[in-house]
Amino acid sequence: GHWSLVEPNNPEPCGSGSDEPGSVTDPSVGCAIIRPPRDGGIRYRGLTQDVQILPVDYEIEYICRGNRVIVGPKVRKCLQNGTWTDMSLHSRCCKSSSSSWSLCNGRVWARPPGPPVEGTVLHYSCNAGFLLEGRNLSHCTKLGKWDAPKPTCLWKKKLYIGALFPMSGGWPGGQACMPSAQMALDLVNNRSDILPDYELELIHYDSMCDPGEATKLLYDLLYTEPIKIVLMPGCSGVSTLVAEAARMWNLIVLSYGSSSPALSNRQRFPTFFRTHPSATLHNPTRVQLFQKWKWTRIATIQQTTEVFTSTLDDLEQRVKEAGIEISVRQSFLTDPAVAVKNLKRQDARIIVGLFYETEARKVFCEVFKEKLFGKKYVWFLIGWYADNWFKIKDPAVNCSVENMTEAVEGHVTTEIVMLNPETVRGVSNMTSQEFISALMSRLGGKNPEETGGFQEAPLAYDAVWALALALNKTVPPLKARGRRLEDFNYNNHDITAEIYRALNTSSFEGVSGQVVFDAQGSRMAMTLIEQLQGGSYKKIGYYDSSQKNLSWFGNDVWIGAGPPADRTVVIEEFRFLSQKLFAAVSVFAGLGILLGAACLSFNIYNGNVRYIQNSQPYLNNMTAAGCMMALAAVFPLGIDGHHVHRSQFPVVCQFRLWLLGLGFSLAYGSMFTKIWWVHTLFTKKEEKKERKKHLEPWKLYATVGVLLAVDFLSLMVWQIVDPLHITVEKFTREAPKEDLDVLIQPLLEHCSSQKMNTWLGVVYGYKGLLLLLGIFLAYETKSVSTEKINDHRAVGMAIYNVAVLCLITAPVTMILSSQQDASFAFASLAVVFSAYITLVVLFVPKMRRLITRGEWQSEQQDTLKTGSSTNNNDEEKSRQLERENRELQKIIQEKEERVSALRNQLAERQALRSRRRPSSGQNQNHNASQPDPKSLLPPPGYPNPPTDNHSFSNSSALYPADSKMSRNHCHNSQIPLLYK
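This report concerns the structure included in the present document. (Residues numbered from 1 in each chain as written. Predicted model: local features only at pLDDT ≥ 70, side-chain atom pairs only at ≥ 80, totals over all residues. Heavy atoms only, no water.)

A word on the overall build of the protein. From N to C terminus, the protein includes 25 helices and 28 strands. Counting across all 980 residues of the protein, residues that qualify as buried make up 47%. Of the contacts made within the protein by residues no fewer than 6 positions apart, 68% connect residues no fewer than 24 positions apart. Looking at the protein as shown, the accessible area adds up to about 49,300 Å², and 55% of this sits on carbon and sulfur atoms. (Helix = DSSP H or I, 4+ residues; strand = E, 2+ residues; numbered from the N terminus. Buried < 20%, exposed > 50% of the residue type's maximum accessible area, 1.4 Å probe, protein only. Contact = heavy atoms within 4.5 Å. Areas by Shrake-Rupley, 256 points an atom, 1.4 Å probe, with all protein chains shown as cover.)

Looking now at the side chain of Thr838. Within the element layout of this structure, Thr838 appears in helix 21 (residues 820-853). Its relative accessible area of 2% is what places Thr838 among the buried residues. Not counting chain neighbours up to four residues away, the residues in contact with Thr838 comprise Thr623, Cys627, Met671, Ala798 and Val802.

Another aspect to go through is a nonpolar patch on the surface. On the surface, Val587, Leu591 and Leu594 cluster together into a nonpolar patch covering about 290 Å² of accessible area. Inspection of the secondary structure assignment puts Val587 in helix 12 (residues 579-605). (Patch = residues over 30% accessible without salt bridge, like charges linked within 9 Å, V, L, I, M, F, W, Y side chains within 5 Å. Salt bridge = Lys/Arg side-chain N within 4 Å of Asp/Glu carboxyl O.)

It is worth spelling out the nonpolar core at this point. Nonpolar side chains in soluble globular proteins tend to be buried together. Counting 130 residues, the largest nonpolar core has Phe364, Trp379 and Phe380 as its most contacted members. Among the elements that line this core, the one with the most residues is helix 10 (residues 457-480), at 12 residues. Here this core spans two domains, since at least three of its residues come from each of domain 3 (171-277 + 426-525) and domain 4 (279-421 + 529-567). Those residues in contact with Phe380, other than ones at most four positions away along the chain, are Leu289, Phe290, Trp293, Trp295, Ile350, Ile351, Val352, Gly353 and Val412. (Core = buried A, V, L, I, M, F, W, Y, C linked by side-chain atoms within 4.5 Å. Domains from an automatic or database assignment.)

With respect to topology, three strands assemble into an open sheet ordered 26-28-27, the strand pairing being mixed. Every other strand in the sheet has two partners, leaving strand 26 (569-574) and strand 27 (725-730) as the edge strands with one partner each. For this sheet, the mean inter-axis angle between neighbouring strands, taken without regard to orientation, is 35°. For strand 26 and strand 28 (residues 742-752), the ladder comprises six bridges, and the chain directions are parallel. Bridged to Val569 within strand 28 is Val742. (Pairing = 2+ DSSP bridges. Axes fitted to C-alpha atoms, helices over the stretch in contact; angles between N-to-C directions.)

Before going further, it helps to spend a moment on helix 9 (residues 432-442). The complete set of buried residues in helix 9 reads Ser432, Phe435, Ile436 and Leu439. Down the axis of helix 9, the buried set is contained in an arc of 100°. They therefore lie on one face. Opposite the buried face of helix 9, by more than 90 degrees, sit the exposed residues Gln433 and Ser441. Looking at the buried residues of helix 9, the elements they touch are helix 1 (174-189) and helix 10. Immediately beyond the C-terminal end of helix 9, within one or two residues, lies Gly444, with a positive phi of roughly 70°. (Arc of directions from axis to C-beta.)

Here we take up the state of the cysteines. One pass over the full model with this rule turns up four disulfides. The disulfide bridge from Cys209 ends at Cys235, spanning 1.8 Å between sulfur atoms. Since a negative S-S torsion denotes a left-handed disulfide, the Cys209-Cys235 link at about -100° is left-handed. Residue Cys209 is located in the loop between strand 12 (198-205) and helix 2 (211-223), and its partner Cys235 is located in the loop between strand 13 (228-233) and helix 3 (236-246); the two are separated by 26 residues in the primary sequence. The exposure classification of Cys209 matches that of Cys235, with both residues buried. Sulfur-sulfur distance for the disulfide between Cys653 and Cys751 comes to 1.8 Å. (Disulfide = S-S within 2.5 Å.)

What follows deals with the pairing of strand 16 (residues 297-303). On a regular strand, each side chain points to the face opposite its neighbour's, so the side chains alternate between the two faces of the sheet. For strand 16, the buried fraction is high: seven of the seven residues fall into the buried class. The two faces of strand 16 match: Arg297, Ala299, Ile301 and Gln303 on one face and Ile298, Thr300 and Gln302 on the other face are all buried. Bridge analysis of strand 16 against strand 17 (residues 325-332) gives seven bridges, and the strand direction is parallel. Across the sheet, the residue bridging to Ile301 is Gln330, located in strand 17. Taking the sense of rotation as the criterion, the β-α-β connection linking strand 16, helix 5 (residues 306-321) and strand 17 turns out right-handed. (Right-handed = clockwise from strand over helix to strand, strands pointing away.)

Take the packing of helix 6 (residues 337-345) against helix 7 (residues 357-370) next. A packed helix pair is summarised by two numbers, namely the angle formed by the two axes and the spacing between the axes. Two elements in contact, helix 6 and helix 7, have axes whose closest approach is 9 Å; the angle formed by their N-to-C orientations is 45°. The orientation of helix 6 relative to helix 7 falls into the category oblique. Here helix 6 runs over helix 7; the crossing is right-handed. Every residue of helix 7 that contacts helix 6 at Ala337, Val340, Lys341 and Lys344 is listed here: Val363, Glu366, Val367 and Glu370. Partitioning the contact of helix 6 with helix 7 into residue classes produces four nonpolar, no polar and four charged. (Parallel < 35°, antiparallel > 145°, perpendicular 65-115°, else oblique. Left-handed = near helix turned anticlockwise from the far one by under 90°. Nonpolar A, V, L, I, M, F, W, Y, C, P; charged D, E, K, R; others polar.)

The next point concerns the environment of Ala709. Along the chain, Ala709 falls in helix 18 (residues 697-721). Along the chain, Ala709 and Ser665 lie 44 residues apart, while their C-alpha atoms are 9.2 Å from each other.

Here we take up unusual backbone geometry. At the junction of Arg111 and Pro112, the peptide bond is cis and its omega measures out at -5° in the coordinates. Among the structural elements, Pro112 can be located in the loop between strand 6 (106-111) and strand 7 (121-126). Omega for the bond connecting Glu225 with Pro226 falls within 30 degrees of zero, at 0°, which places this linkage in the cis form. Looking at the secondary structure, you find Pro226 in the loop between helix 2 and strand 13. One non-glycine residue with positive phi stands out, namely Asp347, at about 60°. Residue position: Asp347 is located in the loop between helix 6 and strand 18 (350-354). Judged by relative accessible area, which is 18%, Asp347 ranks as buried. In the Ramachandran plot, Asn429 falls in the positive-phi region, its phi being about 60° despite a non-glycine side chain.

The five strands are arranged 12-11-13-14-15 in an open sheet whose pairing can be described as parallel. Across the chains shown, the open sheet's two edge strands, defined by having one partner strand only, are strand 12 and strand 15 (272-274). For this sheet, the mean inter-axis angle between neighbouring strands, taken without regard to orientation, is 25°. As paired elements, strand 11 (residues 157-164) and strand 13 share five bridges and run parallel to each other.

Function cannot be inferred from these measures alone, as they are strictly geometric.
Here you go:
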């Protein structure tokens, strides 16, 4: 290479070289030794001033004199391209400084590494618990001196934090939160800009997430030295206890893992703060998801603790405002079996579960047993469980891991965003991902899924930083008033107030996001939505409740075709009357109406016949008309929603009521009137009977009118005050065989009113008394014979049948009102049979009598022909007389033969006497020829017959030529002779 000696005008004291390799500045400082190639050449040593060209591979070595040392490359080599190695680095001879590498209770390290020369910087730091007194940096000058004296490490003043970390229990969050808090303490204590004169130390216990255990530990913290300046509990139940008691000791409480909404109460918890947001922050997200998936009916199951009860109360208020119904609300203390069974029985589909992790395993074991999972169900759980919480073996759960995995598949969790999703460096100069890496290192590689509180660890980390920043902020105002943090005791309210103000105004970027407290001391944050898919949780969205913004990823997965329905799909199906039954009964009712019309026409046409007149034909006409109205009521009884629209159904109800009511009053009322007056007139004493023999028709009509008026007024009042309307009865839902997720809801339409039972009680009571009274009167008059009302016995028989049918049918139809076919069959057939029996009993005997006897004449003709009638209205007696007449005919025939024989004998005797006594007078012969008058007298008890010399002359004088005797027309004069 080529090089030349360059003499600088102002050589540096420490010595320096030019940019040309191989040149040395001051011969008194150092020199360059030229080395030949290593293949063995001549080596020149000393100052080289006249060398102009050196061969390739020659080396230059720098040597410094005295107490100077080489800084930079010590040897350079000539390269083939005409340059030297390490052209970018300078070679200098610098003075060496004295060593200051050791620091008591601290550490020292140099930048750059190596011996301390000009430009070297020493960094000093103290061990934990010590405070650096002096500068933490020192520079080596050109004179080989340090620009700052060596610092010292002094003891720091300690501030103690009393913490309760649940390492076990319902939420073992201390497993990850305690290492996270300790990591934050180490970083804070190593910061010279945060509490430089103080060191924070953590005194912690395992609360087991049990308020009872926490009470004992709180007592130990408060009454055991040293004094704690702040308390840091975890678990809502424990935090509630600590926060409520802390004000008595003027202590600030800063919780890292408490979500109970009850803690957001400044009057009850005046010194409470938390980096964990309130559990109510989940509820706006849940409501947003309910609305997104179009669910309007949910169910809830909760563990009976304050945190979950208050959370559920807030949820209930929010869903009510959103128009969503909580159909089932179940709770349990330790055993969720009954609560889960109730959810199954109440057909819960969308279920919000609020309970700790240990209880969650119990719940889902019962869920598996009750088959309350799958495509028809969605569970909403809290998101702060461990990721593998359902795989952890629990002696209290008798379900396998496979069972649990199957039961929890597809559930949705809402979780407060506890780890900043953005890559930003916060106050701790650490990103969220760096924090997770550091925490994993502290956990020693332990599986995060098996570590309780791993998700809440950033909150514990930021809680320590929030406390440290707040304490750091209180130092200047306290110093201005002559106070120090180490002066705190449980009676000092001023220092507590300063810490409270500092925390209340905190705002910094932590690894969990922006840390800000609201007026209630609660943290505000976004909500993460996750779903368990294939055994692992997948993020499916975020929700910002403050902005009401839902960020949806669209990667939600469902077991079925999509989100399930919030209830079983219910298909409403009305039950209608069997049309075959309705048609059959309608035919009978129609025939009955025709029969009633025929009976009515018959009665009107033969109204002048005495026999008909003696049966009070106008009352019989009312009976026929009432039967026809009652039979007509069968048709509206069978009309339902299958025939008419629901809007027209109340009209059908009115027709039923009026036709049955008035029909009963006409038909039964007219029969009741007859039997009433028969009883009134013909069951009195003899002295009263004579005065009441005459029955005025208007009294009969007035009685029927009164009964009709009572019914009419009662029905009118019913219709005006409480009109009938349609009501729908719901029955137990039925599951069709073809689709298990669909239920049939049977419905049945009824005619009803608001006070239906009251009205029915009044009507049935009134009618029932009439029926019972009618039975009594019919029984009392069964042996009465009267020509005023000649068919009262037939009326009594009809009353018996109608009363029995009505008294049986009324309660039966009320019992069977939910069975439309049976109810209609009983009611309609009772009406049909009652009407048929009444018409047949009252009118058919009259028709038969008039037809068989030919009594179609008017009353006058009948009187001229017969002259008189004795008990003509007594049909039963007529039949008895017919039987007796037939028997007597046989007796007469026998007697005629006997009389004929006796006549012959008498004639022979008379002839014999006349021959024996020829001398006897004609008077004796005449007396002998006549029978003895005494022998011809009737038997005792029979009237004397009129004298008739020809009574025995011929039997034809007693009977007509055709040997027929009309019913009830036996001549009075013939009866005794027949018995004779």
